[in-house]
Amino acid sequence: MVVLKQEEMLGIGEKAVNLAIKRGAEEAEAFVYQGLTTDVIIRQGQIARSSRIVDRGLGIRAIVNKAIGFSYTNMLDSQAAIEETILKASNFAKASKPYKDWFGLPTQKTFSSVKGTYDDRIVELDSEDLVNSAFTMLESAEKTDERVSPIEGGAEASYLCKAIVNSNGIEGFDHGTIIECGLGTIAKEGNEVTPICFEFNIERKYDIDPEWVGKEAARLAVSALNAKRAETKNINVVFTQFALQQLLYYTLINAVKADYVQRGQSTFKDKIGKRVASQIVTIYDDGLLNSGIRTWKFDGEGIPQQKTPIIEKGILHNFIYDNYTAKKVGKASSGNASRAGYISTPNVEATNFHITPGNKSPEELIDELNESLLVYYLQGAHSSNPASGEFSVVATPAWKIEKGEIAHPIKGTMLAGNVFQALTNISELANNERKIGQLVAPWVLVKNVKAIGK
Amino acid sequence: MKDILSKTIDVAQKFGAEYAEIRVQKLFRTMLTLKEEQVEAAKQGIENGAALRVLVNGAWGFASVGTLDIETLTKNVTDACKMAKAASSKLKKPIRLVETETREDKVSMTPKKDPAKIPIEDKINTTSTMSNTILNYDKRIKSCTIDYLDLTGTTYFMNNEGTYIEQDKLYVWSRLLATAMEADVFTFSREEIGSTAGYEVFDVETPEIVSERTAKRAVEQLKAKQAKGGTFPAVLGPNVVGVFVHEAFGHLAEADLTLSGSVLLNNLGRKIASEIVTFYDDGLIEGAIGSFKYDDEGVPTEKTALVKNGVVVGLMHNRETAQKFNAKPTGNARAENFRFEPIIRMRNTFIQPKDHSFEELIEDVKFGYYLKSFRGGQANLDGTFQVGVQEAYEIVKGEVREPVRNASISGNTLGTLLKVDAVGKDFELWPGRCGKGQAAFVCDGGSHIRVKEVLVGGSA
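Since this is a predicted model, take the numbers as computed values, not measurements.

Novice: How should I be thinking about the nonpolar core in this particular structure?
Specialist: Side chains of a nonpolar character, in soluble globular proteins, are inclined to be buried together. Core analysis: the biggest nonpolar cluster contains 291 residues, and V375(A), V54(B) and Y369(B) have the highest contact counts within it. With ten residues, strand β2 (residues 38-56) of chain B is the single largest residue contributor to this core.

Put into structure tokens, the structure is as follows:
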């Protein structure tokens, strides 16, 4: 496939910005994006499809009289389409309403340097390599236990590039790679079917282990068989990274975004310098994390990404900002403007939300627990109250821990409470950190969570 | 257009495809986001693209590109064939498709108010009215976010069997979010509006009506108490019933997920719900946001019965699963756009109304919950479901009493459907979006129902 080169992407951006200014925009910004994804899909237990998606385009922000217009197109070969896109952006800005507190697009700063975000081997691999990875995963799951059926999953490799140019002199290009493989399995015995048990690897370098993924997904499914109902009571809960990611994505991560704070939607509004979590909790938003899934040189507005302390030893230190929310309160952006390719305007978003791990291995953590729950995934976390942090979710699959051992899986158990309350009840962090979505975290033990069973 | 499509299909056949299809889209989008009274950015986009899908030696190859010249399409369809061959090397059971009638058709939309022709200024006025209405409703309202989207365009579909369809697309959608605060209580409320009819959707669901509904809920929830955790009788409103039918049952009846081992696989033709329960997934409801004429495999949509009088009578199919089940394809294959392959998606899914008035549903409940409006829902193949509720009330001695916040219900679909002991005579459909790796507009709804007992997750 013909790939646009760095100079070509920057060239498209520069031309667009110049033309927008010529057409009457006071400020302009062009974001040029290119994504090439090859994947292999597993459906109903077999490799069913291979595909390649080439998606590229240009998004323009034009500012006229402090009002913002945005327009995008994927028709980069057509000069007419690009010109129309630019004109639309200016016209939409003219039709829109001015910001009271717009202080301009960002200006040029030196970009950060990042490590472990690009691997030639991922760019060069083809669908046969991914077919092999997917097949290894399937075989590995199937030979683990005959009660296991692999259901869905696949392997995917992406090469992503982005270029940004604005009328304040920002000009940047970055590219990176991502590879992942994942498998969901269920186990069946008699009339019992387990919930889907999912495992995966995601890396910036060609460093995935499909055999482990298959084996682990199968092991989880088998260990979810013979689930019993749990009782209603307040109990200690170990959240794995999957469950934690689901719980925090809609609550804590939003609460530290400057736009939520400024709009009165965050319970952390007046809490800078105050205790918001137990003393063992330290969290960074680390846009420069080595090999981080969301590590890039610059954010969606061309501002260098950085490492921002959010919570240190339980005390809230900072919020995360984009250019607009930062300038509005006289601060500098923390490099947290995120974009969904070329089709969206920037939004405040966490980069790698990194909860610093503790010292105990997961085995040691469980070893010290008496009556507790180990919760792998949650169902319904997206229905949490994003403003208050109140949640009411199903823990599935989940296991009962008794006397330092994983005793048996449980079913039909709900967990209810408040995420921000739960943060203050974190009593242990394991040392097994891993990357899931935006989250980089270990297993976390939370005391006194309300479990609702029979 | 037809000529380019047909040349591309020829190339696929030359490279060994037993089946080949091409779907070209030309799409226009307008989007607005308002945060409080501020228009964040007025946004629009044009995108063209092609999705090429081939079946070679029983495996799928798929390619998506944003360029429509014949050289690019030829190169990509060739690559799709190669990829399919690579995937087929490890195939256990070759994929085949059920036969369908071939057809040529052109589907035009005739909106009273074509969103593509409404000036951006009008759309800014409509959404600004929404945000002003919400913000001025009560001083305890702290924020509101209004999203607006309209999408218009045309899809061109051709396959190697002789089907060629040109179909217009039209969606108008808006979402309103409001938060309120008093002392240390935060509440949150959401509404969605959506239609495939046209911009006239705002003539019925006017900005004022929808905004008031959103704001009122956020404010009333401030005085709500926490739900008790435990098992209780519950009356579910059409909005909650809809998401329950969609999440707890609907996904299990998407034939790809049924084949993946959903609990329905062993229950086809069996009674899984009480006799008063009948479910449909219907793509023919005029103007509903889940409606269309042909799906993205060129199969006409229909009204599909899923459960009749408690018995599982059908599943939702694409051509691949219909072949496996020896069934008719139901027109449920949908792709979000040219970046995606079509997969089995719901359309407008609902429970068929019966005979109870609302008063009759609640009169015998000594203590339980009236769950009126949902916040979100999710289900697993084993039938475990969760539906989060944004508006609920206690029912005490047959009367709707105090509001309750942050409740949710859970259980196993099969057990819960057997506990449905009354179905109302009213009918409402609510627009929404469903995520299954790609987004789709759907409607869910039906009538009020009563469930003898369900697990309520609350922290009180």
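Here the narrative resumes, following the displayed structure.
Novice: Looking at this model, I keep getting lost on helix α5 (residues 210-223) of chain A. Mind explaining?
Specialist: Each full turn of the α-helix corresponds to 3.6 residues, which orients residues three or four apart in the same direction. Residues and elements named next belong to chain A. With 14 residues, α5 extends 20 Å from end C-alpha to end C-alpha; this agrees with the ideal 20 Å at 1.5 Å per step. Among all positions of α5, only P210, V213, G214, K215, E216, A217, A218, L220 and A221 are buried. On its buried face, α5 is in contact with α4 (127-144), β4 (148-166), β5 (171-189) and β7 (197-203).

Novice: Would you mind showing me how to read the packing of α4(A) against α5(A) here?
Specialist: All names here are of chain A. Where α4 meets α5, the closest approach of the two axes is 7 Å, and the angle between their N-to-C directions is 35°. Our pair here, α4 against α5, has a crossing hand that is right-handed. Every residue of α5 that contacts α4 at S133, T136, M137, L138, E139, S140, A141 and T144 is listed here: P210, E211, V213, G214, K215, A217, A218 and R219. Grouping the constituent residues of the contact of α4 with α5 by class yields seven nonpolar, five polar and four charged.

Novice: What is the right way to look at the domain arrangement of chain B in this model?
Specialist: Where interface size is quoted, it is often the accessible area lost as the parts come together. Residue and element names in this part refer to chain B. One can read the domain layout of chain B as domain 1 (2-223) and domain 2 (225-457). Its C-alpha centre places domain 1 at a distance of 22 Å from the equivalent point of domain 2. The partner domain 2 presents 28 residues to the 35 residues of domain 1 that form the contact. No other element matches strand β7 (residues 185-195), which puts seven residues into the side of domain 1 that touches domain 2.

Novice: Would you mind going over the domain arrangement of chain A with me for this structure?
Specialist: All names here are of chain A. You can read the domains of chain A as domain 1 (6-223) and domain 2 (228-452). The distance between the C-alpha centroids of domain 1 and domain 2 comes to 23 Å. Contacts between the two partners involve 39 residues from domain 1 and, on the opposite side, 29 residues from domain 2. For the side of domain 1 that touches domain 2, the elements supplying multiple residues, two or more each, are β1 (27-43), β2 (46-64), β3 (67-73), β4, β5, β7 and α5. Tallied by class, residues from the side of domain 1 that touches domain 2 come to 18 nonpolar, twelve polar and nine charged.

Novice: Where do I start with the sheet that holds strand β15 (residues 348-351) of chain B in this structure?
Specialist: Adjacent strands of a sheet form backbone hydrogen bonds with each other and so pair up, either parallel or antiparallel. Residues and elements named next belong to chain B. With respect to topology, six strands assemble into an open sheet ordered β12-β11-β10-β15-β22-β21, the strand pairing being mixed. Either end of the sheet is taken by a strand with one partner, and the two such strands are β12 (311-312) and β21 (428-435). The pairing of β15 with strand β22 (residues 439-446) spans three bridges and is classified as parallel. For F350, the partnering residue across the bridge sits in β22 and is G445. Taken strand by strand, helix α6 (residues 238-249) contacts β10 (279-282), β15, β21 and β22, and its axis lies near 125° from that of β22.

Novice: I would appreciate a short explanation of the interface of chain A and chain B in the present structure.
Specialist: Facing the 71 residues of chain A at the interface are 70 residues of chain B. With 13 residues, β2(A) is the largest single contributor of residues to the side of chain A that touches chain B. Partitioning the side of chain A that touches chain B into residue classes produces 28 nonpolar, 29 polar and 14 charged. Here β2(A) pairs with strand β3 (residues 59-65) of chain B via five bridges, running parallel. Residue R49(A) lies in a different strand from β3(B), and its bridge partner there is W60(B).

Novice: Can you help me understand the pairing of strand β10 (residues 283-286) of chain A in this one?
Specialist: On any regular strand, side chains alternate: one points to one face of the sheet, the next to the other face. Residue and element names in this part refer to chain A. Here β10 shows no split at all, with I283 and D285 on one side and Y284 and D286 on the other all buried. Bridge count between β10 and strand β15 (residues 353-355): three bridges; the pairing is antiparallel. By the bridge assignment for β15, D285 is matched with F353. Where β10 and strand β11 (residues 307-312) come together, four bridges link them in antiparallel fashion. Residue pairing for β11: D286 is matched across the bridge by K307.

Novice: Help me understand the sheet that holds β15(A) in this model?
Specialist: All names here are of chain A. Taken together, the six strands give an open sheet; going across it, the order is β12-β11-β10-β15-β24-β23, and neighbouring strands pair in mixed fashion. Edge positions in the sheet fall to β12 (315-316) and β23 (434-436), since each of these pairs with one other strand and no more. The strands touched by helix α6 (residues 241-249) within the sheet are β23 and β24 (439-441), with β24 carrying the most contacts at an inclination of about 135°.

Cut-offs applied
- Residues numbered from 1 in each chain as written.
- Chains lettered and ligands numbered in written order.
- Predicted model: local features only at pLDDT ≥ 70, side-chain atom pairs only at ≥ 80, totals over all residues.
- Core = buried A, V, L, I, M, F, W, Y, C linked by C-beta atoms within 7 Å.
- Buried ≥ 20, exposed ≤ 12 C-beta atoms within 10 Å, placed from the backbone.
- Helix = DSSP H or I, 4+ residues; strand = E, 2+ residues; numbered from the N terminus.
- Expected span 1.5 Å × (residues − 1).
- Contact = placed C-beta atoms within 7 Å.
- Axes fitted to C-alpha atoms, helices over the stretch in contact; angles between N-to-C directions.
- Left-handed = near helix turned anticlockwise from the far one by under 90°.
- Nonpolar A, V, L, I, M, F, W, Y, C, P; charged D, E, K, R; others polar.
- Domains from an automatic or database assignment.
- Pairing = 2+ DSSP bridges.

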